[in-house]
Amino acid sequence: MNRSQAPGPRGQKDPARSHGSGNVRTDDLRNPQPAPGAGRSGGGVVRTSLVSSALGFVAAAAFVAAAAFAGAAAWASGCQGEAPPGPSTEGKTPPERTSSLPRPAPTSSARAAAPAEAPKGAPAAEPSEAPEPPAPDKPYTGPLLGSIVPQAAVYPTMEFTKQRLGYIRLGGKVPVDPKPIKGGSCAKGWYRLLDGGYVCGRSATTDLSNPQVRLGITPPNLDDVLPYKYAFNTTHGTPLYRSVPSKDEMMRYEPYLDSSKRKRKEEEKQRAEALYEETEKEVAAAAAARAAASAEAAANPAPVAAVAADPAAVEDKAAAVAAAASLGIAPAPVEEEPEKPWWENVDDKGRPLNVTLADLDKDADSTVAKRMVKGFFVAVDKTFGWNGRSWYKTTAGLVAPSDRMYIIKPPASQGIDFPEGAKAVGFILAKTASKYQFDAEKKSVSVAGSLERFAAFGLTGESHTHKSTVYRKTTEGWWMKGADGTYTDVGAPPPDLAPGEKWIDVNLSRKTLVAVEGDKPIFAALVSPGRRSKEKKKDHPTHTGVFRIREKHIATTMDGDGTVAGDLPYSIEDVPFVAYYDGSYALHGAFWHSNFGREMSHGCVNLSPLDAKRVFFWSEPRLPRGWHGVWATPENRGTLVSIHE
């Protein structure tokens, strides 16, 4: 993938300078958080009380839309070689939104996290009377801290530093010691999180009825295949509004909604133009006749009564000019037609010409944030009705017309736990495949059943070649035809591996991933690595080597421009379960294709959503409850990732 907003902690080199033109986005955490009232001027203010009362907007809705959009400002490279509506709240207390905290992940097998300490010179934190984190099988019922900014940074100490442990998304809630600690550089005091780290009080609050918390982004659904619903944009030029548009704004920014009216007006204009042209010809003929008569009179002055001006022709011309003027038709000069917008300037195949992400940003004004290219995805926070249409509020705080989009169905394929006693795991890639059985002497083979695509099973390690075809024996006793799929082939353990430590093996030739603990394989899945090509601009290989996971995000936006002339830009909002291991390269879920086991990406390692979620919550660093993103630290190192051919 290409454009990311993943912030670069600890003074790390900006990945945007490492991998070309694309980006992967999350909100910028490199600078101290703005005060809760800060926002983007001229842009994200939710409109009048009419909209507020109809859709349940409150003053915080303006902040949600403005802050979420304004927060998406830091662009870094990624996968390279690549207002909230609701029932009216007037006259009654709005219901309090319940929290959705991720289940605790397994304890780290790599390193134990060291407790965060306050900086020297800062007042010591008072002992907390808040309850300790509950056991994994018990839900947390204690105090919560809610984020009131797009991303509330979590620091290791009570100081604003370049190093961050992670962040909490707008509206996210985390277990907290509810008594703020005065001192350090945060005037409102620091909150100590029960899962580690400190958050400045100007970025979060323990008042869960606060509008910024209550109307924040809906927590990701970690029990579903994907954390959000995703909508595919079907048409070039679909606008992303900053807030709910009025009818006049819809007609102005979406002229295709009034196509029948435009067609009638165009027909009237054509009739008026035809009448005008016909009148012009008649007037010209009359003038020619008068000129001829005048010439004849000059040559023969005897008849004093020359041809007079034709009053009927003059009246006809005046009437035609008046009719044309009433329809906005100027007889002269002929003005050039205004330049078509990019989304109407298309080739014979309906593809816009030479469009980049920067061109999409040029459409921005106080009403529209940008227009989308066909193929863009948005993550849906809420769905609502307004002005006779259905709308999506995106997780970026923008508003999209749902009649130009559709909700996608995610791929359901997934890997398997490594079968007991298996030497490898086999996967079927062919659309149709069979189980095979050999006779006792292995001289003849017969079909023993059918297999679905992406079927997974254990292999014993035994293979047999029959009539130039390779077969591999399964732990269930039947045989897999080698040409029907692939199988895992784990490489050597990383040299930095500690005894029993978790690590991830990615085999680019086999297109497989195996999660391992020490020397024991735990889980196996198919992957889609980078597409390779002999053409340099189309060549996006996944780099080999041994890395550690640097940071993880439940979801982050990836977008970028095409690498070849004629390619359109792309944007996938909130790509799920992202684990960065090398600059902008990451393991992440892919819901926009189901071709796992084949090369598909711009250099990242694609997994099915279910497999990406499994790897995300199994690997280190562990994501604390309610956090949206987390970084590895020297005390809590990320899981090793070994990528090889």
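Here, the structure is the one placed above.
Residues numbered from 1 in each chain as written. Predicted model: local features only at pLDDT ≥ 70, side-chain atom pairs only at ≥ 80, totals over all residues. Heavy atoms only, no water.

## Description of the packing of aromatic side chains
Logical step 1: All chains considered together, the criterion is met by 19 aromatic pairs.
Logical step 2: Their ring planes at 90° and their centres at 5.9 Å tell us that Tyr 155 and Trp 190 sit as a pair that is edge-to-face. With Tyr 155 in the loop between strand 5 (151-154) and strand 6 (166-169) and Trp 190 in strand 8 (residues 190-192), this residue pair connects regions lying 35 residues apart in the sequence.
Logical step 3: Classification of Tyr 155 by relative accessible area gives buried; the value is 2%.
Logical step 4: Look at Trp 190 and you get buried, because its relative accessible area is 0%.
Logical step 5: Where Phe 577 meets Phe 617, the ring centres are 6.2 Å apart and the plane angle is 65°; that geometry is what we call edge-to-face. Here Phe 577 is found in strand 31 (residues 570-582), whereas its partner Phe 617 is found in helix 8 (residues 609-618), with 40 residues between them in sequence. Grouping residues by exposure puts Phe 577 and Phe 617 together as buried.
Logical step 6: Members of the aromatic cluster, joined through ring pairs, are Tyr 230, Phe 232, Phe 377, Tyr 406, Phe 591 and Trp 592.
Logical step 7: The cationic tip of Lys 552 hangs over the ring face of Phe 616; the distance from NZ or CZ to the ring centre is 4.8 Å. (Phe/Tyr/Trp six-rings, centres within 6.5 Å; stacked < 30°, edge-to-face > 60°. Helix = DSSP H or I, 4+ residues; strand = E, 2+ residues; numbered from the N terminus. Buried < 20%, exposed > 50% of the residue type's maximum accessible area, 1.4 Å probe, protein only. Lys NZ or Arg CZ within 6 Å of the ring centre and 35° of its normal.)

## Details of empty space enclosed by the protein
Logical step 1: In this structure, the second largest cavity occupies an estimated 60 Å³ of space.
Logical step 2: Along the walls of the second largest cavity sit Ser 413, Gln 414, Gly 415, Phe 427, Phe 454, Leu 526, Phe 596, Ser 608 and Asp 611, which together make up its complete lining.
Logical step 3: Tallied by class, the residues present in the lining of the second largest cavity amount to four nonpolar, four polar and one charged. (1 Å grid on protein atoms, 1.4 Å probe; cavity = no way out; pocket = protein on both sides within 12 Å on 5 of 7 lines; lining within 4 Å. Points joined across faces, edges and corners; volume = space filled by probe spheres on them. Nonpolar A, V, L, I, M, F, W, Y, C, P; charged D, E, K, R; others polar.)

## Notes on the state of the cysteines
Note: disulfide means a covalent bond formed between the sulfur atoms of two cysteine side chains.
Logical step 1: What the rule picks out here adds up to one disulfide.
Logical step 2: There is a disulfide in this structure between Cys 186 and Cys 200, and the S-S distance comes to 2.0 Å. Disulfide Cys 186 to Cys 200: torsion about the S-S bond roughly 75°, handedness right-handed. Taken as a pair, Cys 186 in the loop between strand 7 (173-175) and strand 8 and Cys 200 in strand 9 (residues 198-200) lie far apart in primary sequence, 14 residues in all. You'll find Cys 186 and Cys 200 in the same group, each marked buried. (Disulfide = S-S within 2.5 Å.)

## Points about the sheet that holds strand 27 (residues 512-517)
Logical step 1: Read across the open sheet, the six strands follow the order 18-28-27-26-35-29; overall the sheet is mixed. The sheet is open, and its two borders are formed by strand 18 (416-417) and strand 29 (545-548), each paired with just one other strand.
Logical step 2: One ladder, built from five bridges, connects strand 26 (residues 502-507) with strand 35 (residues 640-644); its direction is parallel. Residue Trp 503 lies in a different strand from strand 35, and its bridge partner there is Leu 640. (Pairing = 2+ DSSP bridges.)

## Side note on the pattern of salt bridges
Logical step 1: This structure, assessed with the given rule, holds 20 salt bridges.
Logical step 2: A salt bridge links Lys 362 to Asp 359; the shortest N-O distance between them is 3.5 Å.
Logical step 3: Assessed through its relative accessible area of 64%, Lys 362 is described here as exposed.
Logical step 4: Note that Lys 443 is salt-bridged to Glu 441, the shortest N-O span being 3.6 Å. This pair shows no difference in class: Lys 443 is exposed, exactly as Glu 441 is.
Logical step 5: Linked by salt bridges that have partners in common, Asp 496, Glu 501, Arg 548 and Arg 637 make up one network. (Salt bridge = Lys/Arg side-chain N within 4 Å of Asp/Glu carboxyl O.)

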